[in-house]
Structure formats: structure tokens, C-alpha cells
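# A structural walkthrough
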Amino acid sequence: MKTSQRREFLKNSAKVAGGLAALSLGANALFADAQTSKIFFKEGERIPAKGYAAFSKDWKFKPYSFTRHPLGENDVLIEIKYAGICHSDLHTVRGDHSKANYPMVPGHEIAGEVVAVGKKVSKFKVGDYAGVGCMVNSCGECEACKQSKEQYCTNAKTVFTYNSKDVFHNDEITYGGYSNNIVVSEKFAIKVPKNAEFEKVAPLLCAGVTTYSPIKFSKVKKGDKVAVAGVGGLGHMALQYMVALGAEVTCFDIVPSKKEACLKFGAKEFIDVQSEEFKKIANRFDFIISTIPYKYDINDYARMLKFGGEMAIVGLPAPKDFPTFDINAFVWQFRDKKIYASLIGGIKETQEMLDYSVKNKIYPKVEIIPIQKLDEAYEKVAKGEADFRFVIDMKSLD
């Protein structure tokens, strides 16, 4: 394309974007955000995207170009600015929890800017900040969906953000946030206020809601004695939420060097799980949240619960590292203790969590990295060496 033609192309594309709401566009019109986006596509056609993908179970990523489904009338196109690396991404690439579909573009902690909207979209406008978490669609009709518990869709139509069959778009496999854009129903996009610390928002969409949800479910309140088992990407969010609620928080971890950070976040005490002190604790806590992603004994923590205490399990180890649980030992405690599992949170609760987090300045501790350092970041997360959360700056894709 000649220089003069390119200038004319870009100028016309910008005009179309600015007048999208007012114009009736022809089938060949090009549109995208006129100010910052580098995404150009044809109305009604698939949207080009690029990112980094895993091509096998090894944590080795390479550049990958692909396409997203066309922008529907209820969809928004988000230019991704930041994407968090979740511990579950490591398991998904390895195929630990379900079949891995390669090439795989992981990432379900996404923060970006809306650059185009479908004609029936009312929740967003071009230029708004938006987030996408672990889901991009569900049936919307079952009892779970009607209660905004879309992750538990009883019609088995929850579409997860990546490595998931999209039953609403010809069963294509979804691609995640380690990329430059995503197309999603406005119902599954989270509004992000402009005063948010934007580079820290992405991990809230998984780590934030995954811990916020059971803390709310168990009604943690001021004065409660609570504990966090495993203080990593999820655990340090749970710690901050419970401190904000006025609870007295104890942290458990196998890495003693995390003590300083835990106390700085507001924990009352830090206990090394390999210490003799750990083995002696019993009947102390009203609530415990376990984020541990490796093998451990659930009974070690169950014995720590008070009469009527509750324990939420949100960590997702690989099958070879599943935690052990002696149900007989638990039953014979006879103390009305409760242990339950929790999976992320619904869209309504995710929005509630994000609004609460921004209002109270609760954010993850993050290390911003270029996408070219994905392989290195995965190895550090696996070894427990991450400084709580890695976040990819998508400018590095250019």
C-alpha cells in the first residue's frame, strides 16, 4: 500500500469509528476506536488478534496470530492493556484439570479499554475501561444463572475465557488474555472506574473475586479470628479483604520470607507450617480460607476451627497433588464445623468486588513484565518465587 493510500485508509477508518453510533454502515465498513486502537476489522467478519500461545504442555510460549468471533450486537471489543498470570494457568497449559487444546492462549485476568460496541450495547461506550474474568458467557436461563452464579450454570453452558468450548459460537475454542484484544458479551464485561490503579486491576478479576466470594459467603466480620492458608496471589488478596473487614488475621505458609509482607498487609501473625507451633494449634479460628495449590492435609486446618467454624477451599492443585482429608477424623471431632469449596464468583459479585476494592484501595502486589518473559514467569510461579502476582503489559506485544 502506498503512503498516500495508507494515510487515506487510516483517516477513513477513524471517521467511521467516530460516527459508528450515528451512521448506518455498509457491509465493508471498517471500524475501531479512532484515538488509540490499532485494531481494524470489517463489520460482520472475524476480528484479527495476536498474542502468545503454548503449543504443548511445556511452559514455552511463542507469538501466535488468530481471530476472534465477529462483534455481535450485544458485544464489546476490548483492547487488552494488562493480563495477570494465575497459578491455574500453569495447570491448564499442562492439562492437569481438563483436556488442553493447543495452541492455547491462556489468561483470565484481563483489563483493557473498550474500542468498539455492538448496536444494542448500553453498559459500555467506546473509551470506557473494562475487565474480563474467568467467564465470557453462560445460558442465562437456569436457576444458577438467574442468581448470577454463572460459573455454576446447570445447563453446562458456562463458557470460560480460554481453553473452553464456546457453545454460542459454533463450539470454537476460546482464547484468553495473553493477547491484544477480546470480544465478549457486555453482560460478562466488568466496568472499571477511571480512578482505579489500572495496572493492578487485572488480578482482581480472578484472585480478587475467588477470595472475596467465600469471605462474603461465610460472613466474615469485625473481630472474627480468621486465617489464610497459603499466602500467594490469592492468599494476599484474602488477607487484605479480611483486614479491611476488621477481622484478626493469621497467615500460614511454607515460605518464611513472606512474613514481612503479611504483617505489612495487616496480618496479626505469620506461622510457618513446618514449625512445631503449627502442629499445636486447635479450636482457634472462626474462618479459614485455603488457597494452597499443592498437596496438604485438610485435617491440619480443620482442627483449628472453632465450634461452628467454616473453612473455604479455593486452591486448585493438580490431581497428583490433591489434598488429603480423613473424613473419619473430621466427623469424630463433633464440633459442627463446615468445610466447603468455592469457585470464583458470579458476574454481579465480581462487579461488587471490583467496586469495593477500588473504593478501599485494595489491590494485588504486582510485578509488571513484558510478554516475552512468560516462560520465566511461569517457572517462578511454579516455584513460589513470584512477588504475589505477575501482570503482563500488553504494550510489549508491539
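Not measured: the values here are computed from a predicted model.

Looking only at helices and strands, the chain has eleven helices and 19 strands in total. The C-alpha radius of gyration computed for the chain amounts to 22 Å, which stays within 12% of the reference 21 Å derived for 398 residues, consistent with globular compactness. Dimensions of the chain along its principal axes, counting C-alpha atoms only, are 75 × 40 × 40 Å. Looking at the chain residue by residue over its 398 residues, the buried ones come to 54%. Of all intrachain contacts in the chain linking residues separated by at least 6 positions in sequence, the fraction that spans at least 24 positions is 66%. Split by element, the accessible area of the chain, about 18,500 Å² in all, is 52% carbon and sulfur.

Here the amide bond leading from Tyr102 into Pro103 is cis, since omega sits at -5°, within 30 degrees of zero. Relative to the assigned elements, Pro103 resides in the loop between α2 (87–94) and β4 (110–117). One non-glycine residue, Ala156, lies in positive phi territory at about 55°. Of note, Ala156 is situated in the loop between α3 (143–146) and β7 (159–160). By relative accessible area, Ala156 is classed as exposed at 66%. Unusually for a residue other than glycine, Ile344 sits at a positive phi of about 40°. Along the chain, Ile344 falls in the loop between β17 (338–341) and α10 (347–359). The exposure class assigned to Ile344 is buried, which follows from its relative accessible area of 8%.

Take the side chain of Ser213 next. When you line up the elements, Ser213 lands in helix α4 (residues 207–217). Since its relative accessible area comes to 6%, Ser213 is described here as buried. Within the structure, Ser213 has its side chain in polar contact with the side chain of Glu349 (distance 2.7 Å). Beyond its immediate sequence surroundings of up to four residues, Ser213 is in contact with Ser342, Ile344, Gly345 and Glu349.

With that settled, the discussion passes to a nonpolar patch on the surface. A contiguous nonpolar patch, built from Phe325, Ile327, Val331, Trp332 and Phe334 and spanning about 570 Å² of accessible area, is present on the exposed surface. In this fold, Trp332 is placed in the loop between α9 (327–331) and β17. Residue classification places Trp332 among the exposed residues on the basis of a relative accessible area of 59%.

What follows deals with the pattern of salt bridges. Under the criterion given, the structure shown has 21 salt bridges. With its nearest N and O atoms 3.4 Å apart, the salt bridge here joins Lys380 to Glu376. Highlighted residues: Lys380 and Glu376, both in helix α11 (residues 374–382), separated by four residues, approximately one helical turn.

Another aspect to go through is the environment of Tyr241. Structurally, the position occupied by Tyr241 is in helix α5 (residues 235–244). Separated by 25 residues in the primary sequence, Tyr241 and Lys216 place their C-alpha atoms 9.7 Å from one another.

Strands sit in the order β14-β13-β12-β15-β16-β17 across an open sheet of six strands; the sheet is parallel. In this open sheet, the two edge strands, each paired with only one partner strand, are β14 (269–272) and β17. Ignoring which end each strand starts from, the neighbouring axes of this sheet average 20° apart. Relative to strand β16 (residues 305–313), strand β15 (residues 285–290) runs parallel, the two being bridged by five bridges. Directly across from Ser290, in β16, lies its bridge partner Ile313. Here α4 sits on the sheet in contact with β15, β16 and β17, set at roughly 155° to β15. Along the sheet face, α5 touches β12 (225–229), β13 (248–253) and β15 and points at about 165° away from the line of β12.

Attention now goes to the pairing of β14. Bridge count between β13 and β14: four bridges; the pairing is parallel. Within β14, the residue paired with Phe252 across the bridge is Ile271.

Examined bridge by bridge, β4 and strand β5 (residues 129–132) share four bridges and lie antiparallel to one another. Along β5, the bridge assignment pairs Gly112 with Ala130. The pairing of β5 with strand β11 (residues 190–192) spans three bridges and is classified as antiparallel. Each residue of the ladder has a partner; that of Gly131, found in β11, is Ile190.

Between α4 and α5, whose axes approach to 9 Å, the crossing angle comes to 45°. With respect to each other, α4 and α5 are oriented oblique. Crossing geometry of α4 relative to α5 is assigned as right-handed. Residues Ala207, Gly208, Thr211, Tyr212 and Ile215 of α4 form the contact with α5, whose participating residues are Met237, Ala238, Tyr241 and Met242. Per-class residue counts for the contact of α4 with α5 are seven nonpolar, two polar and no charged.

Further remarks concern α10. Spanning 13 residues, α10 covers 18 Å between terminal C-alpha atoms, matching the ideal 18 Å at 1.5 Å per step. Of all the residues in α10, the buried ones are Ile347, Glu349, Thr350, Gln351, Met353, Leu354, Ser357 and Val358. The elements touched by buried residues of α10 are β6 (135–137), β11, α4 and α5. After α10 finishes, the residue Lys361 shows a positive phi value of roughly 55°.

Cut-offs applied
Residues numbered from 1 in each chain as written. Predicted model: local features only at pLDDT ≥ 70, side-chain atom pairs only at ≥ 80, totals over all residues. Heavy atoms only, no water. Helix = DSSP H or I, 4+ residues; strand = E, 2+ residues; numbered from the N terminus. Rg over C-alpha atoms; globule rule 2.2 N^0.38 Å. Buried < 20%, exposed > 50% of the residue type's maximum accessible area, 1.4 Å probe, protein only. Contact = heavy atoms within 4.5 Å. Areas by Shrake-Rupley, 256 points an atom, 1.4 Å probe, with all protein chains shown as cover. Polar contact = N/O pair within 3.5 Å; in protein donor to acceptor, adjacent residues only side chain to side chain. Patch = residues over 30% accessible without salt bridge, like charges linked within 9 Å, V, L, I, M, F, W, Y side chains within 5 Å. Salt bridge = Lys/Arg side-chain N within 4 Å of Asp/Glu carboxyl O. Pairing = 2+ DSSP bridges. Axes fitted to C-alpha atoms, helices over the stretch in contact; angles between N-to-C directions. Parallel < 35°, antiparallel > 145°, perpendicular 65-115°, else oblique. Left-handed = near helix turned anticlockwise from the far one by under 90°. Nonpolar A, V, L, I, M, F, W, Y, C, P; charged D, E, K, R; others polar. Expected span 1.5 Å × (residues − 1).

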